Each structure stands twice: as C-alpha cells, then as structure tokens.
Amino acid sequence: MEHIRLPKVDNVRLLDRISPRRSRVGTLYLTATHTIFVENEAGVRNETWVLHSLVCSLEKQAATASGCSLLIHCKNFQVLNFVIPRERECHDVHLSLQRLSQPERPDELYCFSYKPNIDAEERRQEWDFLDLRADYRRMGLPNSLWKLSSVNQHYKVSDTYPADLFVPESATPPVIVGSSKFRSRGRFPTLSYYSKENHATICRSSQPLSGFSARCLEDEQMLEAILRSNPRSDFMYVVDTRPKLNAIANRAAGKGYENEDNYSNIKFQFIGIENIHVMRNSQQKMMEVCELRSPSMSDFLEGLETSGWLKHIKAVLDAGIFIAKAVAEEGVSVLVHCSDGWDRTAQVCSVACVLLDPHYRTLRGLMVLIEKDWISFGHKFSHRCNHLQGDPKEVSPVIDQFLECVWQLMEQFPCAFEFNARFLITIHSHIYSCQYGNFIGNNQRERTELGLRGKTHSLWSYLWMNRADYINPLYRPDHSQTQGLLRPSTAPYCFKFWRALYNRFDRGMHPRQSVEDYLSAIQEETQQLEEQLASHKQKIAQLEQKQEWSVPQKAVPFDKSPTGWTFCNDLANTPQDYTGGFFTSSPCQPRAPITFQNEESNKTSESILSNGSDQESGIADVSCRSPLSEDSTRDPDSDEAAYSAS
Amino acid sequence: MEFSEHIKTANVEDVVLRQPLHPPGRGTLCITGHHLLFSDREEGSCRQVLLLLRNIDAIEKSVENLLTCSGLFSNAGLSQRLSGSSGTITIKCKDLRVLQLDIPGMEECLNIARSIETLSCLDSMSELYPFFYRPSSASLRDQWGLSSLERHYSQMKELHDRWRLSTVNRDFSVCPSYPQAVIVPKSTDDDMLEKVAKFRQGGRFPVLCYYHKKNGMVIMRSSQPLTGANRKHCREDEQLLQAVIDGSDKGYIIDTRSSQQALQARMTGGGLESKSCYSSWKRLQRQMERGKALQESLIKLVEACGEESNNMDRWLSKLENSKWLSHVQTALSTAGLLAECVERDGHSVLVHGSEGTDSTLLISTLAQLIMDPSCRTLEGFLTLLEREWVQAGHPFQQRCAHSAHSHARLQQESPVFLLLLDCVWQLWRQFPLALGFSEALLLRLATEAYASDYGTFLGNNQQERCALGVKENTHCLFQALLRPRERDCYSNPLYEHTELAIWPSVYPQSLQLWRGFFLRWTPQTHHLEEAQEEIRNMVIEWGKLALSSCPASTRRSEDVQNM
C-alpha cells in the first residue's frame, strides 16, 4: 500500500486505441493489485481491471492542453491509453504503477495475496493434480533401460534441474556427476521423452564445456549409455539448436558443442534457432505492427516480415519435426541442447512431444508437458517473464513461441487437439499474471524454497475445473488426424499470424461469430437429447409392459438456441472470477449492442459531409474521408468496423 | 469445324499421370474434342481422370532431343527412329491444379501437346463444351436460370410505387450489355432513357440494383458519364438521378476510380458527375484496382503459392508484393462504405467506375450481402450472382479467358469475379453462421467461371447468350447447384438466419489468404476439409436427435430439414 501515491483520479479518459476520438471518461483507482478504471456513464457501470503484474511498460507522454497521457502496455498484449487531467496526478500514477508493477521481493507477487475460498486440504489436492511421475509411468518408465536417479536430490548436482531425473540404467552416479561437470550449469544429459513403441528417447542437456579441445570421459560414457538404452539403434543424434556461428563463438568461452570424433556413433546437427535477445526484439517489432493505428495491408505484411517472428516460429517447429521424425520414424534417440538447455531446448523437446504423442494433445497432456519440459526442467520463468524487477535482457518470449507452435499445429489439424485456442491464451495470460504459483521462480529449487505449494494456488486444477471452456468440439480421439505422429507442413504459407493472441483486445478485429461456441452448444444439446431419448425409450418400454397406451410425456422443446455471436463475450477466454480478484477483464465489460444497425441515424454527419464541397471543377471531396467520419456521433460500443481508411 | 483435325494422336498407352494429393498412376490417355481422359490400369484400381480442356491454362512440354528433331513431321523416318524416346507435358489448370503426364514416344507427346494447345482455347463459342454436355439427369427443357428481372420486379411489391420495369432495351439496342428489362424510376420514360444511355459509356444508364427495405434507399449502378474534355452534360441524366432521390435531400455517388483517374477519363471522352450539374449528389472517389493490374496481382500470388521455397521472408514479401490481399481489403472496405451510406446514413447511392461492369458489380454485390439477409441463403446468393453478374453483363468470356498460369498475352482478362468470391469467403470467415452456403460453393464457382460444363458463364452479356441460344442449348449451372445432392454439399450446416447487417472487419489482421482456393491442391487443405466434414456430421447428428425427440418444435430443427 505504501507504494500508492494516489489512490484515485477523477475525470480520466480512456482512449480507444483504434479510433482515439472514441474515448470514455471515468475514474481511475489504484489498488494493491489492480488498476481499475470505472466509466462514468449513467446507468451502466463499466469497469476495466488491469492487474499490476501484467503491466509490461509504462510511458508517460508530455502534457498537453487536454491532459497528460499515460500509455500502459501489458504482457498479455493489452494496451491502455489513459489521459489524466493534471500532470502532477499523472506523474503520481506513473510512479506508483512503476513500483507496483515491478515487485522487488518474491513475497510481493500477486500469487501470495490471491486468496480464493479454498482450504488447505483442497490446496494440497490442487497441487497434487498433476503428477510427473505418473506421466513417466505412462511412458513406461522406469523399466529395464531407464531408471529414476536420486543423484540430484537436494539439487546437489545441478541446482536448476528437478530432483527426479531419469537416466540410462547403466549410468552410475560417478558418470553422471562427471558428465555434469562437463556441462554448463551442471545440466547433464537426461531423459525428457521415452517412446514405448521403439525405445527411442529424447534427452536434453546444456552445452558441453568442450572449448577448443577439451574432452570428458564420463560425458562420452553418458552419451554411450543413452545410445545403448535404445537397443535397436546403432547411432544417435546430437542436436544443437543454436545457429552454428553462435555455437562456435561459445567455444572461445570454454563452452561449445560435441566433437563427433570424441563420441562414438553420434550424428551431430545444428538447427539454427536464434537466441533470446533476437526473439525479444522480434516480438517487440511484431507488436509495433499490431499496434499500428490504421495500417494498410502492405504496412502489415511488410512489418510482419521485418519482425521475423514467423520465421522464428517456423525454425522452432522445424526443429521439433526433425526430432519427432528421428524418434518415430527412424527409431533413433536424440540428445537436444542449446546453451544452458532451458530455452530453445525446452521449446524443441516440448514441440517434438506434441508431434509424437497424442496424449500431449489433450488438455491434461499439455499441462503435464509444460510442467515437465518447462517448469521442472528449469525454464527461467521469473527472468523470462520479468516477474520481479530484474535485468531486461533476461526477458524473452520463449514460452510464447512454444504456445504459438501448438496453435499453428491446431490450425493445420483442427480435429487433433482436445483443447482450443482459448486454453492456450489462458495459459499464456497466467504465465505472466503471477496469480498462480506454477510459474514463479526459475527452477524447482527456488520454488521449493519459496514454499509455493503451501502459500499459493495451482493453475492446472483451476483449468481442469473449468475445462468445459477449453474443449475443442471438433476433437475426435479416433480421428485419423489424431493418431500417432503429426506430420505438419512447414511451407511458409502454412504459418499464420495469431490474431487471437496478439490483437486479443482489439475486439473489432475478430470474427463476429464463433463456430466453436456454436458446435460446443449443439454438442451439449446432442448429449442431452440422447439422454432424453434414452429415457423416453425406457418409459415407452415400461408403458408397453403395462399395456397402458396413454400418450407418452412429450419432450420439452429446446428453447436454448446455441448461438455463435461472439461480440459480447470476447473476454470469455478469461474466466471472470471477480471475487477472486481476477485480472484484466472487468466483471462488466462494456457490451456491444446486440443489434448491428444503429437505430438513430447519424444526426451530425450531414454537416461534416458538406465540408469541402465547393472545390473547383466540381470534384467534391477527393480526400479519402468517409461520409460517416469519426466525428459523427456513433454508438461508441458499436462493433462496426470503420471503412474510412483507404 | 471438326475437332478431329486437331487430334493427330487420340490414344496413348502407358502414360504416367502425376497429380497433387494422389500417387502417380500409369494408364491410358485419350484426347477428345473437349476432354483429356486418363484411365488408370493399375491392378485393383480403376481411377479415371476427366479434365475439361477448357480448364487448361497453359502447358509446358519437354521431350528428349527436342533440338535434333525439328524436322519431325516432314520426315517420317525420323519419327520411327525416335520411337524409344519420351516426353513430359506439364498441365497447369485454371483451377490452379498442376498435372504432369509422362508420355512414351516423342511424336505422341508433341501431338497431344499440340491438340491441347489448340483445343483448350477455341475461339468459337458455339463449339464449347456446354453445347455438347448432355447429362442424363437433366433435360434441356428444364427451367433455365433462377429468376429474371421481370420476376424480381413483380416480387418486389414495395418498388411499384416509384419504380417501373422498362423494356427499352428489349432488342439490346440501347445498351448491348444490359438485360432486356431493367428497373428505373417511374418518372423517367423510355425516350429519356435512350438519351441518358447515349451519355453513359456503353449505354449503361443508371438502373436500380438494390432496394433497401428498411428505409427505402437504393443502390443504382451505371457506367461513367461521357462528359468529355468540354464537360458536356445531359439534362435527362440529371433528371433521372434527381428522380432517384426524390423526396430525400441527397445521394452519394461512389466512383471506383481515384479522382485523378476520373479526371483523366475526360480526355478520352469519359468523366464524372460535376458538382454544379448534380448538386444533390455527393461524390466519393474510392480507387479500386481493375483490369490488367488485377490479373497481374493474381499471377504473382499464384506464383508465390506455387513456389517450393522454404524461406519465410521470401513468402511474406511475395505475398505482400502480389497486392492481392490489399485488393481484397479495398473491395471490402469500399463495399462497407457503400453499405454504411445506405443502411446507417440512410441515403441512396449510385455506383460506377468507368465501364460499370467490374468493380461496380463487385462492391454492389458485396454491399448487398452485408445488408440484405435474403441474399445470404444458397438460393439467394446464386440469384444475386445471376442478376448482378450474369444478367448485369460482367464480361465473363473476356475476363476469364485465361487465369494465372497462362503465358498468352493478356487482353481483357481480369479476375474480378474471383476477387468477389475471395471477399465473400472473408465474410464467411468472419460470420461463419450468417451465410447459407459453404466454402465448397465458392470453390465450385471459381472453377466454373473459367471452365464449365454449363452455359451459365458463357458469353459476355445477355445479348451474346441470346444469339448463341445458350438457354435452349446448354444446361444451367445455378439450377444444377440446387439439386438435392449438390445442395447438401453447398449449404452451410451452421447457417442461422439473421436480419442484422454483417459488417466485415477490414483490418489487415482480420483478412486472410484464401488457402482453400490458392493452396487448394496441398495436403494441408485436406485436413481443413476433414474438419468441415466433421462439423457437418455434428450438425446432422444434432438435427436428427432434435427432430426425433421433439418434431418440428424448434425453429432450428426445421432449418436442418430444409437443408
């Protein structure tokens, strides 16, 4: 509370990003966890809530006659532009928010103050909802080839690895420890995925400390042991996900990559995925394009190309495909690493898992996968998502890219995934929101030290409880698309811009009707009807038995007409748990009118239209102004697109 | 003319056909006056591929030792010596499919290639396949077409007060590209119309194209006025337009050219409506790409889609460079503007560009889809296309003579109709429940406009079709699309009638490449088709249950019945 310099400002304007003249006036409140904007409109109480932990950047612009503008960019890609009447107030809000959005200590994080009405026992169940050991058991582990090693209990061998790790049966603790000393941050090769069908595995590690010529016998033995754990294969791939040049540069720092001559039967391969800094800049550039006020098609496509974002997405997916094919089609094990083995390695291993195993394409499976390859293996969420005030150079949208890869696959295989895009977007929001404990800290050790299981809540059980919102109605477990290895195309034209995530809050850009919602509704109805039919049949049978030919009870006609109009529930993709203090979505979002047509005609448009009408040679208005210019009084909540841009 | 003169080799055995989405097959190739027929001879399968020659946009042939056999046909001995050789013909279709034929025997290969080249672009319309197509399921006596202007007018009772049906063009002498009947303001007589026709390019005087029932406002369309360099004016034209907005204070003219283009048109006899003569009309210039530029845009896009390159930057820059999506954006936003004028601003609009046969029809059609629920059903949409494109004189024969692959010198080709279908697809994407037809219909129309068994898209206007006896001698596509089995495939299972206008979003983020068409022959599209199939099954399943458990008690189950 001590950080709030000014709890309330009146007469604040919230500008519409796309048409700034369409603004709303209201009161701005700062609370310990949220910024809340309450619109002063008679009759309706429109509120916009923004969680402080989602604030990514704040920009105070120079004061003008109308006030002082404060631009807030959020990590979930919401952009808010407030105009605060007095500079002084704006300054105070700016400073307060700056502090509130950048907690210095972990205990200031939202998850520690988020208190839904759940008791300790339920909380324990929440955290037990996902069990990684169960997933390894599902894979068929441990078995005669792979064992659970206790070498990293208490995080002694690698402080960024989880305590439970699977290693080849023949790998002895001295080999593991020896190998870990030859790898960055002690991240020795360990199992990420095991294919029951053919014993091929995906293993992961960090880069070897090979420098120009260093060798390590134990590391070589470790790889040998991995290779031997796949009895049918006589070689394995070692995939370095960095561009070759980056890997070579690392050699000068005593790091580097495996020398094929020193390891028996490995095939070494570079797959050039760029580093976190390139990815950060790329996303920033793409977001600049997304935020252009009225871009032409060319501006947009050029900007998208210049950002390089889709190129990077394709690189990650290409790498995932390479590994998935090696495992499924060649039956060859793969060791994947990058530099530290927690960014690109996590991306590539998890994408490969999604391609390989239909289980990871289910709701629960994707949660497990994120828990396994990202959370347990020490993807540095706190640094990458900038949860705490820290080094901006550590921030990078690595997990965004994974989620987008999954989305791109869903677009290619609409029947193969149990979950919908809303699921991915919700996960994305919560990775950044700090509302749940799952994504706090940089590794398992830190999370244990923070005592997250006892003090915070788990997102996974929340998502599971609300799974009805996240089911893809087209998912068919028995569909041909769903079986075995997914074979996506990575031709450039297969990659799309993910509007639903990056322009999520620009309501006017999205389809106005949702096939998915419609199908979900009729799916539900179909189920109900089937039940009804069954019960009727039963009744008829009973009646027939009794030989009483009275009229069977008539079915209740269905009034509930599933409808797919989406323009009033555009925030349906974030649960609106107001009492729980949820973020971003105000409990009463301004609703679009149900009718499209504006009942009142534009009273003021005429005067505008007559402007500039006496131009020479009878050419009226050659400018591109719409007859229904933005000045005209128009329903501010109308979802209608403006066609004036040309 | 006998087709056989053009066929030197009618049959070749042992040909290998490679086509997208199928494994290669070996079999017999036949060429007839209108078709290529390939029958697979593999064990256990009997696949046949029948390709309309008219669908072939371009072919490329490569034979071994082509240079040494330039005297092939004058030297009989040589052809024998070369009998062990073979050739390959790559066929690029107007529906963007690319096929490859490996033909044993160089002479056979060259003969086939030559036949395809000649027969795929016959000039004489009466020799085209629609005049020979006689399916057993239909009779030439079946009704041709879905509606006529006469019928349209008689159904629209609310028009009768102020509008009349004029048959001034019954012999096509006033305007060769108009149908015989048109709807005009009641106060303008036929003499006036004749005078107005002389003042408009190609005689396309302003006619009614859409009446907005909610407020009585209308969309008119015409061609440009022939004011010329010395700014002629025509009192009858002014009177006609005044009669349109009778009782209202003003109307809009949406000119689909830039103001500079419109001014330049004066130099060649065209022009625009001056403020002084049309004081109640407010002109809005909205430049839309047309003609050759549009065709080149299509060629570039198709080339980009066909490229094997794996490079993302290259793809995006080629996509941008083609400008196709920009044209989609312009068309939709101009149509949106037009609909806004009528629906929200409550004024009548006259639309024209120069000839009034291309971009004019494009935006007036889209605006009608946006505003009028009755053209969003399957029948409604086909009727709209019949009225606004076929009868209104979009020159299909000229515009669709070649598509994106052709090496022929461009003449009048321009994919305006394809652009319309793309825009309609974008609407369908944004309002997946509001349109009564499926993507499959749009794809079918995109194919049929370029090469067809049916007579619907033959010729450039009604006059030509009358002269050819299209109605008497060919079958009608629109009727065929409404037969029960076709209807199942071409209707949208999710369709829900809505009275609301469907305003499309025209942000670049909201518009997408029409993968179903431009990448139709890639395996990825197949997965999406499977999803559509899945949707259809779900709705059918639901519909059955809804019917069986509460017969006719819900509105929506009736929809399913009617589907």
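Residues numbered from 1 in each chain as written. Chains lettered and ligands numbered in written order. Predicted model: local features only at pLDDT ≥ 70, side-chain atom pairs only at ≥ 80, totals over all residues. Heavy atoms only, no water.

Here's the deal with the overall build of chain B
1) Next: When you go through chain B residue by residue, the secondary structure sums to 21 helices and 14 strands.
2) Next: Against the 2.2 N^0.38 benchmark of 24 Å for 563 residues, chain B shows a C-alpha radius of gyration of 26 Å, consistent with a compact globule.
3) Next: Dimensions along the principal axes, computed over C-alpha positions, put chain B at roughly 85 × 70 × 55 Å.
4) Next: If you take every contact in chain B between residues at least 6 apart in sequence, the share linking residues at least 24 apart comes to 72%.
5) Next: Of the accessible surface of chain B, which amounts to about 21500 Å², a share of 48% is contributed by carbon and sulfur atoms.
6) Next: Taken as two groups, the 61 positive and 67 negative side-chain charges of chain B have centres that lie 5 Å from each other. (Helix = DSSP H or I, 4+ residues; strand = E, 2+ residues; numbered from the N terminus. Rg over C-alpha atoms; globule rule 2.2 N^0.38 Å. Contact = heavy atoms within 4.5 Å. Areas by Shrake-Rupley, 256 points an atom, 1.4 Å probe, with all protein chains shown as cover. Lys, Arg positive; Asp, Glu negative; His and termini not counted. Charge placed at Lys NZ, Arg CZ, Asp CG, Glu CD.)

Concerning empty space enclosed by the protein
All names here are of chain B.
1) Next: As enumerated under the stated definition, the model contains 8 cavities of 30 Å³ or more in all.
2) Next: Estimates place the volume of the largest cavity at around 230 Å³.
3) Next: The wall of the largest cavity is formed by 22 residues, among which R54, L128, Y450, A451 and L458 lie closest to the centre.
4) Next: Here the lining of the largest cavity is composed, by residue class, of 16 nonpolar, 4 polar and 2 charged. (1 Å grid on protein atoms, 1.4 Å probe; cavity = no way out; pocket = protein on both sides within 12 Å on 5 of 7 lines; lining within 4 Å. Points joined across faces, edges and corners; volume = space filled by probe spheres on them. Nonpolar A, V, L, I, M, F, W, Y, C, P; charged D, E, K, R; others polar.)

A few points about the sheet that holds strand β7 (residues 98-104) of chain B
Hydrogen bonding along the main chain pairs the strands of a sheet, whether they run parallel or antiparallel.
Residues and elements named next belong to chain B.
1) Next: Read across the open sheet, the 7 strands follow the order β4-β3-β2-β1-β7-β6-β5; overall the sheet is antiparallel. Looking at the sheet topology across the chains shown, the edges are occupied by β4 (48-52) and β5 (56-63). Each neighbouring strand pair of the sheet contributes to a mean axis angle of 30°, computed without reference to strand direction.
2) Next: Pairing of β5 with strand β6 (residues 86-93) involves 7 bridges; the strand directions are antiparallel. (Pairing = 2+ DSSP bridges. Axes fitted to C-alpha atoms, helices over the stretch in contact; angles between N-to-C directions.)

Observations concerning the UniProt feature "domain: Myotubularin phosphatase" (unreviewed entry) in chain B
1) Next: Sequence positions flagged by UniProt for "domain: Myotubularin phosphatase" (unreviewed entry) are, in local numbering, residues 143-518 of chain B.
2) Next: Split by type, residues 143-518 of chain B is 44% helix and 9% strand. Its first and last C-alpha atoms lie 34 Å apart. (UniProt positions renumbered as here; feature names shortened; annotations may be inferred.)

Here we look at the sheet that holds strand β10 (residues 207-212) of chain B
All names here are of chain B.
1) Next: Ordered by their spatial adjacency, 5 strands build an open sheet running β10-β11-β14-β12-β13, and the pairing between neighbours is mixed. Among the strands making up the open sheet, the edge pair consists of β10 and β13 (281-285). When the angles between neighbouring strand axes are averaged without regard to direction, this sheet yields 20°.
2) Next: Across 5 bridges, the pairing between strand β12 (residues 251-255) and β13 is parallel. If you follow G251 over to β13, its bridge partner there is W281.

Focus: the pattern of salt bridges
Residues and elements named next belong to chain A.
1) Next: Applying the stated criterion across every chain, the model contains 57 salt bridges over all chains.
2) Next: The closest approach of N and O atoms between R183 and E258, which form a salt bridge, is 2.8 Å. In this pair, R183 sits in the loop between α5 (173-181) and β10 (190-194) while E258 sits in the loop between α7 (244-251) and β13 (266-270), placing the two residues 75 residues apart along the sequence. Comparing R183 with E258, the two get one shared label, buried. (Salt bridge = Lys/Arg side-chain N within 4 Å of Asp/Glu carboxyl O. Buried < 20%, exposed > 50% of the residue type's maximum accessible area, 1.4 Å probe, protein only.)

A word on helix α20 (residues 515-546) of chain A
Residues and elements named next belong to chain A.
1) Next: Here α20 is 32 residues long and its end C-alpha atoms lie 46 Å apart, about the 46 Å a rise of 1.5 Å per residue gives.
2) Next: Inspection of α20 places D517, Y518, L519, A521, I522, E525, T526, L529 and Q532 among the buried residues, and these make up the whole buried set.
3) Next: Sitting at the head of α20, S514 places a side-chain oxygen 3.3 Å from the backbone nitrogen of E516. (Expected span 1.5 Å × (residues − 1). Polar contact = N/O pair within 3.5 Å; in protein donor to acceptor, adjacent residues only side chain to side chain.)

Quick notes on the packing of helix α10 (residues 309-330) of chain A against helix α11 (residues 344-356) of chain A
All names here are of chain A.
1) Next: Interhelical geometry of α10 versus α11 gives an angle of 55° and a closest axis separation of 8 Å. The angle between the axes of α10 and α11 places the two elements in the oblique class. When you trace α10 past α11, the crossing you get is right-handed. Of α11, the residues touching α10 (which contributes V316, L317, A319, G320, I321, I323, A324, V327 and A328) are Q347, V348, V351, A352, L355 and L356.
2) Next: Looking at side-chain class alone, the contact of α10 with α11 contains 13 nonpolar, 2 polar and no charged residues. (Parallel < 35°, antiparallel > 145°, perpendicular 65-115°, else oblique. Left-handed = near helix turned anticlockwise from the far one by under 90°.)

Brief notes about the side chain of T482 of chain A
All names here are of chain A.
1) Next: Checked against the element boundaries, T482 lands in the loop between α18 (459-465) and α19 (499-502).
2) Next: Note on T482: relative accessible area 3%, which makes it buried.
3) Next: In this structure, T482 is in contact with P358, R361, C415, A416, Y475, R476 and P477, ignoring residues within four places of it in sequence.

A few points about the environment of G228 of chain B
Residue and element names in this part refer to chain B.
1) Next: Within the secondary structure, G228 is located in the loop between β11 (217-221) and α5 (235-244).
2) Next: G228 gets classed as buried once you look at its relative accessible area, which sits at 8%.
3) Next: Along the primary structure G228 and L272 are separated by 44 residues, whereas in three dimensions their C-alpha atoms are 9.0 Å apart.
4) Next: The contact partners of G228, leaving out residues within four places of it in the chain, are R266, G269 and G270.

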